[in-house]
Amino acid sequence: MTAQNGVTLKSSLQKIQPMENYSITEVCPHDIAEIRVIESVGTCETTVLVCAECGEQLEKPKTEC
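Only a predicted model underlies this, so the values are computations on that prediction, with no experimental measurement involved.

Enquirer: Is there a simple way to think about the side chain of Thr46 in this case?
Expert: Relative to the elements of secondary structure, Thr46 occurs in strand E4 (residues 44-51). Here the side chain of Thr46 touches Thr63 through a polar contact of 3.1 Å, side chain to side chain. Beyond its immediate sequence surroundings of up to four residues, Thr46 is in contact with Arg36, Val37, Ile38, Glu39, Pro61, Lys62 and Thr63.

Here it is as structure tokens:
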């Protein structure tokens, strides 16, 4: 084993760790959707379809009477 700049080669190699890759933006596949009631007046309901994981609205609200 040779010393370079006062550090042995074996100890300097032990400090190197592999780099992990991470995505900056995470994309939700919207696999699980659920219907949420926004408003209920009398016999009319306004509902919207949203992703159960991220909460993003998947469709426009619908009113049914």
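Now that the structure has been shown, we can carry on.
Enquirer: Got a minute to help me understand the state of the cysteines in this structure?
Expert: One covalent bond between the sulfur atoms of two cysteine residues makes up a disulfide. Within the structure shown, the criterion is met by one disulfide. With a sulfur-sulfur separation of 2.0 Å, Cys44 is cross-linked through a disulfide to Cys65. Given an S-S torsion of about 110°, the disulfide between Cys44 and Cys65 has right-handed geometry. Placement of Cys44 in strand E4 and of Cys65 in the segment after strand E5 (62-64) is noted, with a sequence separation of 21 residues between them. Residue Cys44 is classed as partly exposed on the basis of its relative accessible area of 23%. Looking at the unpaired Cys28, the closest cysteine sulfur is the one in Cys51, lying at 3.6 Å. Cysteine Cys54 remains unbridged, with the sulfur of Cys51 as its closest cysteine sulfur at 3.8 Å.

Enquirer: So what exactly am I meant to see when it comes to the sheet that holds E4 here?
Expert: Sheets are built from strands paired through backbone hydrogen bonds, the pairs being either parallel or antiparallel. Sheet architecture is open: three strands sit in the order E3-E4-E5, paired in antiparallel fashion. Two strands bound the open sheet, and with one partner strand each, they are strand E3 (33-41) and E5. Averaged over all neighbouring strand pairs, the angle between strand axes comes to 30°, with direction disregarded. Both E4 and E5 contribute to a ladder of three bridges, which runs antiparallel. Each bridged residue has a counterpart across the sheet, and for Thr47 the counterpart in E5 is Lys62.

Parameters at a glance
- Residues numbered from 1 in each chain as written.
- Predicted model: local features only at pLDDT ≥ 70, side-chain atom pairs only at ≥ 80, totals over all residues.
- Heavy atoms only, no water.
- Helix = DSSP H or I, 4+ residues; strand = E, 2+ residues; numbered from the N terminus.
- Polar contact = N/O pair within 3.5 Å; in protein donor to acceptor, adjacent residues only side chain to side chain.
- Contact = heavy atoms within 4.5 Å.
- Disulfide = S-S within 2.5 Å.
- Buried < 20%, exposed > 50% of the residue type's maximum accessible area, 1.4 Å probe, protein only.
- Pairing = 2+ DSSP bridges.
- Axes fitted to C-alpha atoms, helices over the stretch in contact; angles between N-to-C directions.

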